[in-house]
Amino acid sequence: MQPPRERLVVTGRAGWMGMGRGAGRSALGFWPTLAFLLCSFPSATVPCKILKCNSDFWSATSGSHSEDAPEFCTALRAYAYCTRRTARTCRGDLAYHSAVHGIEDLMSQHNCSKDGPTSQPRLRTLPPAGDSQERSDSPEICHYEKSFHKHLAAPNYTHCGLFGDPHLRTFTDRFQTCKVQGAWPLIDNNYLNVQVTNTPVLPGSAATATSKLTIIFKNFQECVDQKVYQAEMDELPAAFADGSKNGGDKHGANSLRITEKVSGQHVEIQAKYIGTTIVVRQVGRYLTFAIRMPEEVVTAVEDRDSQGLYLCLRGCPLNQQIDFQAIQAAATEGHGARRPAASSPAPLAPETFPYETAVAKCKEKLPVEDLYYQACVFDLLTTGDVNFTLAAYYALEDVKMLHSNKDRLHLYGRTRELPGQAAAASLTLAPQPLLSALLFALPTVFL
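Scope of this entry: the structure provided in the associated data block. (Residues numbered from 1 in each chain as written. Predicted model: local features only at pLDDT ≥ 70, side-chain atom pairs only at ≥ 80, totals over all residues. Heavy atoms only, no water.)

Quick look at unusual backbone geometry
Stage number 1. The phi dihedral of N111 is positive, around 55 degrees, even though this residue is not glycine.
Stage number 2. Mapped onto the secondary structure, N111 falls in the loop between α4 (94-109) and β1 (157-163).
Stage number 3. Taking the relative accessible area as the measure of exposure, N111 reaches 70% and is therefore exposed.
Stage number 4. Backbone geometry places D234, a non-glycine residue, at a positive phi of 65 degrees. (Helix = DSSP H or I, 4+ residues; strand = E, 2+ residues; numbered from the N terminus. Buried < 20%, exposed > 50% of the residue type's maximum accessible area, 1.4 Å probe, protein only.)

Quick look at the structure:
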């Protein structure tokens, strides 16, 4: 029985076909924009093998010079056959439905008959185990910094991080505390998709933390195949979803690599072909995310007008933001005895941590009373989980490693946008020194 036909919502033509200029074969890029949503859906008892179907299709077509060649239609029919075989176990998987509809569209565009031969895709050949060096024949385009000519200005790097209950530092150095329960996109551009799923920390509380993370590196020229990385609570793998640790079997494959820093706790992903470093941690039960990315890559989208909300660039919507400073003020006034009103967006946890204890624990790891320190105190009050102290500490440590402006490591100021402050926060200019007290007056756009 065929699964129910659900037409998925896509963001313009790029949702099916586009990955940006020079980002690889267009026909192979129809599902990345949607596939990153799969992290919000529970897995079936029997694992869905749609990623295997996708991988086989990429393998079968990666050496083809023309999408109009008969071999392309043959590969599409084999792809369709693979999806039919896994239909029963993938019925609730969004990536599966995206693939099914994408195959139909591609067969129509290329006038492929549904009846005809299918071929077994050739096997992928992964690099030898332990091969951690970039190949000598890796093209220059697969190293972002080396591709810059000497007479050009050095790239401007930006940083985004998400941690705790959750707290967001955007590419424009705004610091927000948000509710954002469920699945939300952090990054969505021509080269990379990142989505997080946030779940309640305590029953009946608006306090949430990141329990799932999906990162999709899109197929890029002769550098890397498309790769998917997924992490969940108590599962922080040191490999991509297909078991590989680099970008595949292209010449520049080692320009994308995963390194496990601390088993089950700290993973670093280097994507040199786009000048990007990603740090994923599990602290306590929950995940943290930090990224360093060139401004040029951050803003690389095919159609800015139709680009949807993504948190690292645009921040959390106003109705999802929490003014944790107001909540802390209430706790300070009563020294932990006074609770916020029932309408407060994030009620405090039971009296697990009195205010003075929360302050003392956060001071141990975060001596500077910046927004990371304040976020730590807030998290201990709202969750009662001491691991959130470490989450704030490591988030600041990641900023120290990833942020290009060492004068902007500590942030101070308001943590909630005020009505009337919604206007564009542009990344077109290099960051300018601002008084920290005025930092969060930077406006933003919410769709």
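What to know about the sheet that holds strand β8 (residues 256-262)
Strands in a sheet are paired, the pairing made by backbone hydrogen bonds, and the direction either parallel or antiparallel.
Stage number 1. Strand order across the open sheet formed by 8 strands is β8-β9-β10-β11-β1-β2-β3-β12, with antiparallel pairing between neighbours. Across the chains shown, the open sheet's two edge strands, defined by having one partner strand only, are β8 and β12 (321-322).
Stage number 2. Pairing of strand β10 (residues 276-283) with strand β11 (residues 286-294), which is carried by 7 bridges, proceeds in the antiparallel orientation. Along β11, the bridge assignment pairs V280 with F289.
Stage number 3. Sheet strands in contact with helix α10 (residues 387-402) are β1, β2 (167-169), β9 (266-271), β10 and β11, and its direction is about 165 degrees off that of β10. (Pairing = 2+ DSSP bridges. Contact = heavy atoms within 4.5 Å. Axes fitted to C-alpha atoms, helices over the stretch in contact; angles between N-to-C directions.)

Details of the nonpolar core
Stage number 1. Grouped together as the largest cluster of nonpolar side chains are 47 residues, with contacts concentrated most on L186, I187, I215, F217, Y273 and F289.
Stage number 2. Per element, the largest residue contribution to this core is 4 residues, and it comes from β11.
Stage number 3. Ignoring any residue separated from it by four or fewer positions in sequence, one finds F289 in contact with C160, G161, L162, L186, I187, V194, L213, I215, I278, V279 and V280.
Stage number 4. Core analysis: the next-biggest nonpolar cluster, separate from the first, contains 22 residues, F175, F353, V377 and A392 among them. (Core = buried A, V, L, I, M, F, W, Y, C linked by side-chain atoms within 4.5 Å.)

Considering the state of the cysteines
Stage number 1. Going through the model one piece at a time under the given rule, you end up with 7 disulfides.
Stage number 2. Each disulfide pairs two cysteine sulfurs, and for C178 the partner residue is C316, the sulfurs being separated by 2.0 Å. An S-S torsion of about 100 degrees defines the bridge between C178 and C316 as right-handed. Here C316 lies in the loop between α6 (311-314) and β12 and C178 lies in strand β3 (residues 175-178), a separation of 138 residues in the sequence. Across the pair, exposure class does not vary: C178 and C316 are buried alike.
Stage number 3. With a sulfur-sulfur separation of 2.0 Å, C362 is cross-linked through a disulfide to C376. Where C362 bonds to C376 through sulfur, the torsion about that S-S bond is close to -90 degrees, and the disulfide is left-handed. Of this pair, C362 sits in helix α8 (residues 355-365) while C376 is found in helix α9 (residues 371-383), placing the two residues 14 residues apart along the sequence. A single burial state applies to C362 and to C376, both of which are buried. (Disulfide = S-S within 2.5 Å.)

Considering the pattern of salt bridges
Stage number 1. Tallying each qualifying case throughout the model produces 8 salt bridges.
Stage number 2. D173 is paired through a salt bridge with R169; the nearest N and O atoms lie 3.1 Å apart.
Stage number 3. The class of D173 is buried, set by a relative accessible area of 6%.
Stage number 4. Overall, R169 belongs to the buried group, its relative accessible area being 1%.
Stage number 5. The residue K250 makes a salt bridge to D225 at a minimum N-O spacing of 3.9 Å. One end of the pair, K250, is in the loop between β7 (227-232) and β8; the other, D225, is in the loop between β6 (208-217) and β7, with 25 residues separating them in the sequence.
Stage number 6. For D225, a relative accessible area of 5% puts it in the buried group. (Salt bridge = Lys/Arg side-chain N within 4 Å of Asp/Glu carboxyl O.)

What about the pairing of β3?
Stage number 1. Of the two faces of β3, both are covered, the one formed by F175 and T177 as well as the one formed by Q176 and C178.
Stage number 2. Across 3 bridges, β2 lies against β3 in antiparallel orientation. Each residue of the ladder has a partner; that of L168, found in β3, is Q176.
Stage number 3. Here β2 hands over to β3 after 5 residues, with D173 in that stretch at a positive phi of 65 degrees.
Stage number 4. Of the strand pairs in this sheet, β3 and β12 are connected by 2 bridges, and their pairing is antiparallel. Each bridged residue has a counterpart across the sheet, and for T177 the counterpart in β12 is I322.

Remarks on the packing of helix α3 (residues 70-85) against α4
Stage number 1. Their axes nearest at 10 Å, the elements α3 and α4 cross at an angle of 150 degrees. Between α3 and α4, the angle is such that the two are roughly antiparallel. Handedness of the α3/α4 crossing: left-handed. Along the contact surface, α3 presents L76, R77, Y79, A80 and T83, while α4 presents Y96, A99, V100, I103, L106 and M107. (Parallel < 35°, antiparallel > 145°, perpendicular 65-115°, else oblique. Left-handed = near helix turned anticlockwise from the far one by under 90°.)

With respect to the sheet that holds strand β4 (residues 182-188)
Stage number 1. Here we have 4 strands laid out as an open sheet, ordered β4-β5-β6-β7, and antiparallel in their pairing. With partners counted over all chains shown, the strands left at the sheet margins are β4 and β7, one partner each. On average, adjacent strands in this sheet sit at an angle of 20 degrees to one another, irrespective of strand direction.
Stage number 2. Looking at chain direction, β6 and β7 are connected through 6 bridges and run antiparallel. Counted as the bridge partner of F217 is K227 from β7.

Considerations on the environment of A300
Stage number 1. Relative to the helices and strands, A300 resides in the loop between α5 (295-298) and α6.
Stage number 2. In this structure A300 comes out as buried when scored by relative accessible area, which is 12%.
Stage number 3. Sequence spacing of A300 and D188 is 112 residues, and the spatial spacing of their C-alpha atoms is 9.2 Å.
Stage number 4. Not counting chain neighbours up to four residues away, the residues in contact with A300 comprise N189, N190 and Y191.

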